[in-house]
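Residue-level structural notes
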Amino acid sequence: MSSKSNAVEDHLQSAVHLPNYWEILSKAGKRITDNKLRSAGKQYLTGGKSIMLSGGLPNQKPLPIKKIQFTMSDGHEISLSDKEVAHANSYGLSEGITELRDWLLGLHKLEHKPPQLTRKDHPEPFALTITNGITDGIRTCFHILLDEGDSVLMERETYSNTLTLLQLFAASPVAVNTDEDGINAKDLEAIMSSWPEVHPHSKRPRVMYITPACSNPTGYTWSEQNMVNVYKVCRKYDVIIIEDSAYYFLQFGERQRTFQSIDVDGRVIRLDTFSKTIGAGYRLGWISGPSTLTDRYVLSMSQYTAHPCVLSQIMINHILQYWGYETFNKQMIYTSEIYRNNAEILASALDKYLTGLATWSFPRGGMFMWLKINDIADTSVIMREASQAGVSLISGDFFVPEFKPTCYIRLSFSMADMEDIEQGIKIFADVIKAKKKECLCNGTQ
Ligand SMILES: Cc1ncc(COP(=O)(O)O)c(C=O)c1O
């Protein structure tokens, strides 16, 4: 066993430091209660027998959809039963369909082995519930965890939507220095220990939001040693970790450990999605972690969106039951290989056209490469000019707090085909060269 995995093994033996969930919850998270009408109808939704004189469920007779079937890529046909069609035509449970949740729970047991499940004496139960995708997952987590004026720890560059969402919650991002191994644990410790002196009027952060597998935008995947180091700091300051894992199944080769897999205390809320592996338009994902928090999540879901789309759940459940865990795994490998192939095509085009103009590293998976453009301090102008020349890419300022100018560009290798990638990078290189020439002439940058 390597010394790296020894560090993880030692950590996994450590005592549980149960988070003070109640202290960490936002005012809304503490206040939220069940949707009274939905909880009154729960008996009916869970198959209990009663003469229905209570709910606002639609009468099935006039509803237009009576048959639903679909064909999978391998030709397998799936037809929904009449009962399933009737369910898709009606309301569902806020926590999602039980069979789908059970299947996903089995997946977590195989994939992450959460200490909350493996340690039989853990005081906090582990729970899993269905979401409308990670976007909704992040919003709902912020709703139950953040008050106005709170601060949230995050990677130096992060998912752009999370930054804009934080603005909506009037909360502030605290970007911690990050490299290819993840957030720098020493810098995190320094920020947390000096917080009361540096920010005497604001609360020390209680929440960290991170994307440790194939980050959007950087493509970085955290090392397991660094995960343990950062986890220890979070434990010391009683921080809840939101692990956004949109690209977990798109890792090239062996999948990296997750924060959930080292979460001895029950302080990690993990967000997964079917968007990149089954389809983004179905708007389906799942959240897993300590039940005190997932229960609050379900209450928030019941108040704001009622429940995740029943039809999407039934369809995806059928697909997963048909595949089973082994075929699911093969399908994930097949999917990630397509992305790896695209990444290799992009990397060779970059070698050909951008050597000397930019630096980058090959990602461990996902959809993105993160380029540092030499001698250009604000890449937003490159984004604009590349767009005029017919190439779309995103400048680095989209991914940093306050959207400040940066020298980075995010390139995606998910969609473009081989010839387009080569052509696009050639145009991109020409735009950079023209900009540099212009800067030299003007004596700017
Ligand atoms: C880091 C990250 N989180 C979440 C999402 C959105 O996930 P979902 O489609 O499940 O809402 C994305 C999509 O691009 C993403 O990059």
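So, how was this worked out
- Residues numbered from 1 in each chain as written.
- Predicted model: local features only at pLDDT ≥ 70, side-chain atom pairs only at ≥ 80, totals over all residues.
- Helix = DSSP H or I, 4+ residues; strand = E, 2+ residues; numbered from the N terminus.
- Rg over C-alpha atoms; globule rule 2.2 N^0.38 Å.
- Buried ≥ 20, exposed ≤ 12 C-beta atoms within 10 Å, placed from the backbone.
- Contact = placed C-beta atoms within 7 Å.
- UniProt positions renumbered as here; feature names shortened; annotations may be inferred.
- Near = placed C-beta within 6 Å.
- Nonpolar A, V, L, I, M, F, W, Y, C, P; charged D, E, K, R; others polar.
- Pairing = 2+ DSSP bridges.
- Axes fitted to C-alpha atoms, helices over the stretch in contact; angles between N-to-C directions.

A few words on the overall build of the chain. Scanning the chain for helices and strands turns up 16 helices and 15 strands. Whereas a compact globule of 445 residues would reach a radius of gyration of roughly 22 Å, the chain reaches 23 Å, a difference of no more than 12%. Each principal axis of the C-alpha distribution contributes one length, and for the chain these read about 80 × 55 × 45 Å. In the chain, buried positions account for 42% of the 445 residues. Long-range contacts, defined as pairs at least 24 residues apart, comprise 75% of the intrachain contacts of the chain with a sequence gap of at least 6.

In the numbering adopted here, UniProt assigns the feature "domain: Aminotransferase class I/classII large" (unreviewed entry) to residues 88–425. Taken end to end, residues 88–425 is 42% helix and 17% strand, and its two terminal C-alpha atoms sit 45 Å from one another.

Another point: the site of the ligand. Lining the immediate environment of the ligand, one finds Gly133, Ile134, Thr135, Tyr159, Thr211, Asn216, Asp244, Ala246, Thr273, Ser275, Ala280 and Gly285. In terms of residue class, the shell around the ligand is built from four nonpolar, seven polar and one charged.

Okay, the pairing of strand S13 (residues 368–373) next. The element S13 is extensively covered by neighbouring structure, given that five of its six residues are classed as buried. Here strand S12 (residues 358–359) runs beside S13; their pairing, made up of two bridges, is antiparallel. Each bridged residue has a counterpart across the sheet, and for alanine 358 the counterpart in S13 is isoleucine 373.

Glancing now at the sheet that holds S13. Reading across the sheet, the four strands line up as S12-S13-S15-S14 and stay open at both edges, with antiparallel pairing between neighbours. Where the open sheet ends on each side, the last strands, each with one partner, are S12 and strand S14 (394–395). The pairing of S13 with strand S15 (residues 408–412) spans five bridges and is classified as antiparallel. By the bridge assignment, tryptophan 370 is partnered in S15 with arginine 410.

To continue, consider the environment of serine 291. For serine 291, the location among the structural elements is in helix H13 (residues 291–304). Linking serine 291 and serine 193, residues 98 residues apart in sequence, is a C-alpha distance of 29 Å.

Read from one edge of the open sheet, seven strands run S3-S11-S10-S9-S8-S4-S5, paired in mixed fashion. With one partner strand each, in any of the chains shown, strand S3 (126–131) and strand S5 (172–176) form the two edges of the open sheet. In this sheet, neighbouring strand axes are inclined to one another by 20° on average, regardless of whether the strands run parallel or antiparallel. Pairing of strand S9 (residues 240–244) with strand S10 (residues 268–273), which is carried by four bridges, proceeds in the parallel orientation. By the bridge assignment, isoleucine 242 is partnered in S10 with isoleucine 269. Contacting S3, strand S8 (207–210), S9, S10 and strand S11 (285–290), helix H9 (residues 134–145) runs over the sheet at an angle of about 155° to S10.

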